[in-house]
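# A look at the structure
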Amino acid sequence: MSTKTIEEKQYLVRFKCDTKSHLTIINHDVCNTKCDDKLCTVFCPGEVYKWEGTRMQVGYEGCHECGSCRIACPEQNIKWEYPKGGHGIVFRLA
Ligand code: SF4
Ligand code: SF4
């Protein structure tokens, strides 16, 4: 049985993006003032969250739908929903 690296596995996923984000930062001031480490930029495997100096940018198109940000944001400052039906990540097994 062959073992694939994370990078090889990520190469197999595709995304069918919605035009509306299924991820919402509830309060940008909270990110700015209460979360020095900007933990979502570390724990998110899809590198969805990017700190732009004063505001968190959310590249929802690359979300892997792992749900981590729902529980790992220390301030519970991310509203997480599944993408609308028919959208989101598509896993291909190979
Ligand atoms: S982990 Fe939560 S509070 Fe911290 S920067 Fe990310 S969204 Fe904001
Ligand atoms: S569900 Fe997972 S991949 Fe998507 S934004 Fe949250 S941590 Fe990142």
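Here we summarise the structure given alongside this text. (Residues numbered from 1 in each chain as written. Chains lettered and ligands numbered in written order. Predicted model: local features only at pLDDT ≥ 70, side-chain atom pairs only at ≥ 80, totals over all residues. Heavy atoms only, no water.)

In terms of regular secondary structure, the chain is built from four helices and six strands. Going from N to C terminus, the chain has its helices and strands arranged as α-β-β-α-α-β-β-α-β-β. By principal-axis analysis of the C-alpha atoms, the chain measures approximately 45 × 30 × 20 Å. For the chain, the proportion of its 94 residues judged to be buried stands at 30%. In the chain, once contacts between residues fewer than 6 apart in sequence are set aside, the share between residues at least 24 apart is 66%. A total accessible area of about 6700 Å² is found for the chain, and carbon and sulfur atoms account for 53% of it. Computed over 13 positive and 12 negative side-chain charges, the separation of the two mean positions in the chain equals 7 Å. (Helix = DSSP H or I, 4+ residues; strand = E, 2+ residues; numbered from the N terminus. Buried < 20%, exposed > 50% of the residue type's maximum accessible area, 1.4 Å probe, protein only. Contact = heavy atoms within 4.5 Å. Areas by Shrake-Rupley, 256 points an atom, 1.4 Å probe, with all protein chains shown as cover. Lys, Arg positive; Asp, Glu negative; His and termini not counted. Charge placed at Lys NZ, Arg CZ, Asp CG, Glu CD.)

Near ligand 2 you find 13 residues, and of these Cys44, Cys63, Cys66, Cys69 and Trp80 are the closest. Here the shell around ligand 2 is built from residues that sort into nine nonpolar, three polar and one charged. (Near = heavy atom within 4 Å. Nonpolar A, V, L, I, M, F, W, Y, C, P; charged D, E, K, R; others polar.)

Okay, the site of ligand 1 next. Around ligand 1, the surrounding shell consists of Ile25, Cys31, Cys35, Lys38, Leu39, Cys40, Met56, Cys73, Pro74, Glu75, Asn77 and Ile78. For the shell around ligand 1, the residue count by class is nine nonpolar, one polar and two charged.

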